[in-house]
Amino acid sequence: VVDDEKSTNTLTSDYLRLAGFTVVSCFDGESALETLKADAAFDAIVLDHRMPGMSGLEVREALQKDPRTGAIPVILLSASISPNRPEAVAGTAAVMTKPFSPKDLVAAIRRIVPGP
């Protein structure tokens with residue numbers, strides 16, 4: 001989970017843990033990329049669009065350029081991007097509008113990743 005808003009990051013991470021997923025959380029794109037550089041064995045990334053520094057779209061682009069992370073599915077969370085915008089959808093497994101239902105997020109991840 002990559003989201004600079006602490007409450008959203010915590011809520012999302014906690015809900016995913018309750019659903020049986022192992023979760024690593026980061027609060028900005030740069031730390032997420034560093035985490036993935038050290039260990040690219042992630043099944044999915046839940047990525048906020050608006051963050052200080054690198055936006056979610058910039059992080060997604062960096063992930064796609066790296067052969068180790070390019071195939072990891074990304075779920076983009078945004079209060080400002082419509083799922084119908086091509087730049088949001090291209091290379092993204094799912095786009096969810098904030099506020100989102102944690103149950104819908106879990107369902108989206110389970111569609112993408114074989115669940116626990």
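Please refer to the structure placed before this passage.
Residues numbered from 1 in each chain as written. Predicted model: local features only at pLDDT ≥ 70, side-chain atom pairs only at ≥ 80, totals over all residues. Heavy atoms only, no water.

*Asks:* Teacher, can you tell me more about the sheet that holds strand E1 (residues 45-48) here?
*Replies:* Adjacent strands of a sheet pair through backbone hydrogen bonds, lying either parallel or antiparallel. Within the open sheet, the three strands sit side by side as E1-E2-E3. Their pairing is parallel. One side of each edge strand has no neighbouring strand; the edge strands of this open sheet are E1 and strand E3 (94-97). Direction aside, neighbouring strands of the sheet carry axes that sit 25° apart on average. As paired strands, strand E2 (residues 74-78) and E3 are joined by four bridges and run parallel to one another. Residue pairing for E3: Ile75 is matched across the bridge by Ala94. Each of E1 and E2 touches helix H3 (residues 56-65); the most contacted strand, E1, lies at about 145° to it. (Pairing = 2+ DSSP bridges. Helix = DSSP H or I, 4+ residues; strand = E, 2+ residues; numbered from the N terminus. Axes fitted to C-alpha atoms, helices over the stretch in contact; angles between N-to-C directions. Contact = heavy atoms within 4.5 Å.)

*Asks:* Looking at this structure, how should I read the side chain of Asn9?
*Replies:* Mapped onto the elements of the fold, Asn9 is located in helix H1 (residues 6-18). Among the residues examined, Asn9 registers a relative accessible area of 1% and is labelled buried. If we ignore the near neighbours within four places in the chain, the residues touching Asn9 are Val1, Asp3, Ser25, Cys26 and Phe27. (Buried < 20%, exposed > 50% of the residue type's maximum accessible area, 1.4 Å probe, protein only.)

*Asks:* What is the right way to look at the packing of helix H2 (residues 29-38) against H3 in this model?
*Replies:* Helices that pack against each other are described as a pair by the angle of their axes relative to one another and the distance between those axes. Remark: H2 packs on H3, axes separated minimally by 10 Å, with the N-to-C direction vectors making an angle of 20°. Relative to H3, the element H2 lies roughly parallel. Considering the relative orientation of H2 and H3, their crossing is right-handed. Where H2 abuts H3, its residues Gly29, Leu33 and Leu36 lie against Val59, Ala62 and Leu63. Each residue belonging to the contact of H2 with H3 can be placed in one class, and the counts come to five nonpolar, one polar and no charged. (Parallel < 35°, antiparallel > 145°, perpendicular 65-115°, else oblique. Left-handed = near helix turned anticlockwise from the far one by under 90°. Nonpolar A, V, L, I, M, F, W, Y, C, P; charged D, E, K, R; others polar.)

*Asks:* Just to check I follow, could you spell out the pattern of salt bridges for this structure?
*Replies:* For side chains of opposite charge, pairing can occur when their charged atoms come near one another. Per the stated rule, a full pass over the model turns up six salt bridges. For Lys98, the salt bridge is made with Asp3, and the minimal N-O distance between the two is 2.9 Å. One end of the pair, Lys98, is in the loop between E3 and helix H5 (102-112); the other, Asp3, is in the segment before H1, and 95 residues separate them in sequence. Asp3 shares its class with Lys98; the two are buried. Among the charged side chains, a salt-bridge network with shared partners connects Asp3, Asp48 and Lys98. (Salt bridge = Lys/Arg side-chain N within 4 Å of Asp/Glu carboxyl O.)

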